[in-house]
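Residues per chain are reported as follows:
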Amino acid sequence: MPEVSARPVPQHVAIIMDGNGRWAAGRGLPRAAGHREGAKAVRRTVEAAIAKGVRYLTLFAFSSENWRRSPGEVADLTFLLKHYLRSELNEMHAQGVCLKIIGERERFGPNLTAELTAAETKTANNSKLTLVMALSYGGRADIVAAARKAIASGMAAAALTEENFAALLDTRGIPDPDLLIRTSGEVRISNFLLWQTAYSELLFTDVLWPDFGAATFAAALDEYATRERRFGARPA
Ligand code: IPE
Ligand code: IPE
Ligand code: MG
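All chains use their own residue numbering, which begins from 1 and follows the written sequence. The naming scheme follows written order: chains are lettered A onward, ligands numbered 1 onward. At least 70 in pLDDT is required for a residue's local features to be given in this predicted model, at least 80 for side-chain atom pairs to be given and counted, and no such filter applies to totals for whole chains, interfaces and linings, which use all residues. Excluding hydrogens and water, the side-chain values take into account all heavy atoms of the structure.

> Explain the pairing of strand E6 (residues 201-204) residue by residue, including any values.
Buried, partly exposed and exposed residues are distinguished by accessible area as a fraction of the type maximum, computed with a 1.4 Å probe on protein chains only: under 20%, between the cut-offs, and over 50%, respectively. Going along the chain from the N terminus, every DSSP run of H or I of four or more residues is numbered as a helix, and every run of E of two or more is numbered as a strand. In E6, alternate side chains face the same way, and those of Glu 201 and Leu 203 are buried while those of Leu 202 and Phe 204 on the opposite face are not. The sheet contact formed by strand E5 (residues 179-182) and E6 spans four bridges and is parallel. When the bridges of E6 are listed, Leu 179 appears paired with Glu 201. We call two strands paired when DSSP finds no fewer than two bridges between them.

Now the structure itself:
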């Protein structure tokens, strides 16, 4: 009989949360209504990740290119972020969530920057789930910033390795995503974790982000469990 082994749960799931605007448009609602509903999906997904034993959940909430949206939409998204942080922080802390922010948080202004940093400090010792929020994040900007740090450190070119370069990225200390999910049917990376997803399993679903939750998260994990990860190697 073949050995039955437990189906692997991904240690790190990263999600490109997409489709809020289309969710709202389909209901004749303003885009902001889609973003509000999307915030509820974030809460459900954090709970689902904890329930499934996932250790790291990275959510792409705002890309470095999303500043190109209308000032009104940027303001709506910033407001929602602030509101989410204030309303969810205590509950997340109680659930054992350690919050980490990647991206250029300073672009959201000094007040929100300070709140985000305070939330990280408050939850720093929690270990149930590390929730990584990508805010004003761009994969290319992350790589360029790391390269600048390497140069500024005076490191010899030959001393640079994949390992010490990864330690200069915003995601230092966080294992690479095992599974990358994008909702809404779009099939692209949109400048998310370019370095870190080199060997992630990719999963694209037509579900719009505001409709995402425990069932769709569980289905994604089931699909992940069927994948064979080889990292380039083959049995001898
Ligand atoms: C995702 O939904 C949220 C952000 C990118 C901030 P969108 O706002 O991109 O929704 P669509 O793609 O227009 O439907
Ligand atoms: C990617 O979604 C960014 C986030 C989900 C935060 P977009 O909706 O901004 O990406 P494009 O423009 O369709 O590539
Ligand atoms: Mg989109």
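> Break down the site of ligand 2 for me, with residues and values.
If even one non-hydrogen atom of a residue comes within 4 Å of a molecule or strand, that residue is called near it. If you check the shell around ligand 2, you find Ile 16, Met 17, Asp 18, Phe 60, Ala 61, Phe 62, Ser 63, Asn 66, Arg 69, Arg 182, Arg 188 and Ser 190 and nothing else. Pairing of N or O atoms within 3.5 Å defines a polar contact, subject to two protein rules: one partner must be a possible hydrogen donor and the other a possible acceptor, and residues neighboring in sequence count only if both atoms are side-chain atoms. The contact in question runs from an oxygen atom of ligand 2 to an N or O atom on the side chain of Asp 18, over 3.2 Å. Within the contact set of ligand 2, an oxygen atom lies 2.6 Å away from a side-chain nitrogen or oxygen of Ser 190. Computed with the Shrake-Rupley method and a 1.4 Å probe, the accessible areas treat only the protein chains shown as cover for residues. Protein contacts shield 78% of the accessible area of ligand 2, which totals 390 Å² for the unbound molecule. No other element matches strand E2 (residues 56-63), which puts four residues into the shell around ligand 2. For this scheme, ten residues count as nonpolar: Ala, Val, Leu, Ile, Met, Phe, Trp, Tyr, Cys and Pro. Four count as charged, namely Asp, Glu, Lys and Arg, and the remainder, Gly too, count as polar. Its residues assigned to classes, the shell around ligand 2 shows five nonpolar, three polar and four charged.

> Outline the sheet that holds strand E3 (residues 97-102), listing residues and values.
The parallel open sheet is built from six strands, whose spatial order is E3-E4-E2-E1-E5-E6. Whereas interior strands pair on both sides, the edge strands pair on one side only; in this sheet they are E3 and E6. Ignoring strand direction, the axes of neighbouring strands in this sheet form an average angle of 20°. Of the strand pairs in this sheet, strand E1 (residues 12-16) and E2 are connected by five bridges, and their pairing is parallel. Directly across from Val 13, in E2, lies its bridge partner Leu 57. It only takes one pair of heavy atoms within 4.5 Å for two residues to be counted as in contact. Orientation is described by lines fitted to C-alpha atoms, with helices fitted over the stretch in contact, and by angles between N-to-C directions that extend from 0 to 180 degrees. Against the sheet, helix H7 (residues 214-226) touches E1, E2, E5 and E6, its axis set at about 135° to E5.

> Requested: an account of the side chain of Asn 66, with residues and values cited.
Mapped onto the elements of the fold, Asn 66 is located in the loop between E2 and helix H3 (71-94). Polar contacts involving the side chain of Asn 66 include one to the main-chain amide nitrogen of Ser 63, which spans 2.7 Å.

> Report on H3, specifying residues and quantitative values.
With 24 residues, H3 should cover 34 Å at 1.5 Å per step; its first-to-last C-alpha distance of 35 Å lies within 8% of that length. One axis is fitted to the seven residues ending at the residue and one to the seven starting there. The bend at that residue is the angle between these axes. The sharpest bend along H3 measures roughly 50° and falls at Glu 88. Where H3 is concerned, the buried positions are Glu 73, Val 74, Leu 77, Thr 78, Leu 80, Leu 81, Tyr 84, Leu 85, Glu 88, Leu 89 and Met 92. At the C-terminal side of H3, Gly 96 shows a positive phi close to 85°. Multiply 1.5 Å by the residue count of a helix minus one, and that product is the helix's expected span.

> Describe the nonpolar core, listing the residues and the values that go with them.
Residues Val 13, Ile 15, Leu 57, Leu 131, Met 133 and Phe 217 are the most contacted members of the largest nonpolar core, which totals 42 residues. For Phe 217, the residues in contact, after removing those within four places along its chain, are Val 13, Ile 15, Thr 45, Ala 48, Ala 49, Lys 52, Val 54, Leu 57 and Phe 212. Counting residues in hydrophobic clusters, the runner-up holds 12 residues, among them Val 132, Tyr 137, Ile 174 and Leu 193. We define a nonpolar core as any set of buried Ala, Val, Leu, Ile, Met, Phe, Trp, Tyr and Cys residues linked to one another through side-chain atoms lying within 4.5 Å.

> Tell me about the side chain of Ser 200, residues and numbers included.
Note on placement: Ser 200 falls in the loop between E5 and E6. Classification of Ser 200 as buried rests on a relative accessible area of 10%. In terms of polar contacts, Ser 200 uses its side chain to reach the backbone carbonyl oxygen of Pro 177, at 2.7 Å. Setting aside residues up to four positions removed in sequence, Ser 200 forms contacts with Pro 177, Asp 178, Leu 180 and Arg 229.

> Residues and numbers for the site of ligand 1, please.
Lining the immediate surroundings of ligand 1 are 13 residues, of which Asp 18, Gly 21, Arg 22, Arg 31 and Arg 69 lie closest. One nitrogen or oxygen atom from the main chain of Asn 20 is found 3.2 Å from an oxygen atom belonging to ligand 1. Note that an oxygen atom of ligand 1 is positioned 2.7 Å from one of the side-chain N or O atoms of Arg 22. With the chains in place, 87% of the 380 Å² that ligand 1 exposes on its own is no longer accessible.

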